[in-house]
Amino acid sequence: MIKLIDILKEISISGKEPIGQGSEHIIYPYFKDPNKVIKTFDPYEGESINKDQITTFQKHPDIFPIVYKVTDKYAVLEKLNTEKAINELEKLQTEFFNLKWRSEKKRKYSILLDDLMENDNLEGLDFIGLLYHLFLNTPSSSLKKELNTLLSLTSTPDLLKKWIDFLIKVSSIMGKTKLDIHTEQFGYNSEGNIKLLDI
């Protein structure tokens, strides 16, 4: 098995603490450029980086991080500001759940989203995950009505519309592909564009 320390030595980040980790990959700061990161595989989960994922990133740099370099062991990617994205999505989630559990509001703001909240199979999904599930499983005519209802009731319509527009963009590119969508999977690039960190 390839040892992680050997990979770190090769890319000159031995001793650096990771700044993120997923089920398959580990993220490190890139010493040559603070606006980039190193994405390498978790040696306990595999023997090489997920090339299919990186290829998808390369095909769609408008919704995924830009790929600057890729080898079998690691990729150099555009660094994203995850803190801003998390703060925005947590704000929307708090508002969504407040609406959901106010008895006088129930069934008045979004029947389809309310039904999703009642679905035990979707337990554990956060607001953005439920919203994406709605995109994948709702006819376009009904979806537009649901989204307009949500926008009419939120106290931050511009913020919600920005995230809805991004999910529309993701859906138009990725189709019915089931992505791992949750709050920690998003970030902003240096130009202020939302992107997905993972698939």
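Since this is a predicted model, take the numbers as computed values, not measurements.

Asks: So what exactly am I meant to see when it comes to the environment of V37 here?
Replies: By the secondary structure assignment, V37 is in strand β3 (residues 36–41). The buried category is assigned to V37, whose relative accessible area is 8%. Here the alpha-carbon distance between V37 and E78, two residues 41 residues apart in the chain, equals 6.3 Å. Other than its neighbours up to four places away in sequence, V37 contacts I19, I27, Y28, Y30, A75, V76, L77, E78 and K79.

Asks: Is there a simple way to explain the packing of aromatic side chains in this structure?
Replies: The description of an aromatic ring pair rests on the distance of the ring centres and on the angle between the ring planes. Applying the stated rule across the entire model yields five aromatic pairs. A ring pair is formed by F57 and F64, whose centres lie 5.0 Å apart and whose planes are at 20 degrees; its orientation type is stacked. One exposure class covers both F57 and F64, and it is buried. Arranged with centres 5.1 Å apart and planes meeting at 90 degrees, the rings of W163 and F186 form a pair that is edge-to-face. Here the residue W163 occupies a position in helix α7 (residues 157–174), and F186 occupies one in strand β6 (residues 186–188), the gap between them amounting to 23 residues. W163 gets classed as buried once you look at its relative accessible area, which sits at 0%. Under the relative-accessibility criterion, F186 is labelled buried at 1%.

Asks: Could you clarify how one ought to interpret the pattern of salt bridges in this entry?
Replies: Between side chains of opposite charge, a pair can form when the charged atoms approach closely. Here the structure, examined in full by the defined rule, presents six salt bridges. With a closest N to O distance of 3.2 Å, K162 and E88 form a salt bridge. With K162 in helix α7 and E88 in helix α3 (residues 82–101), this pair connects stretches of sequence that are 74 residues apart. Given a relative accessible area of 31%, K162 falls into the partly exposed group. A relative accessible area of 12% means that E88 is categorised as buried.

Thresholds, definitions, all that
Residues numbered from 1 in each chain as written. Predicted model: local features only at pLDDT ≥ 70, side-chain atom pairs only at ≥ 80, totals over all residues. Heavy atoms only, no water. Helix = DSSP H or I, 4+ residues; strand = E, 2+ residues; numbered from the N terminus. Buried < 20%, exposed > 50% of the residue type's maximum accessible area, 1.4 Å probe, protein only. Contact = heavy atoms within 4.5 Å. Phe/Tyr/Trp six-rings, centres within 6.5 Å; stacked < 30°, edge-to-face > 60°. Salt bridge = Lys/Arg side-chain N within 4 Å of Asp/Glu carboxyl O.

The values reported here are purely geometric and, on their own, carry no functional implication.
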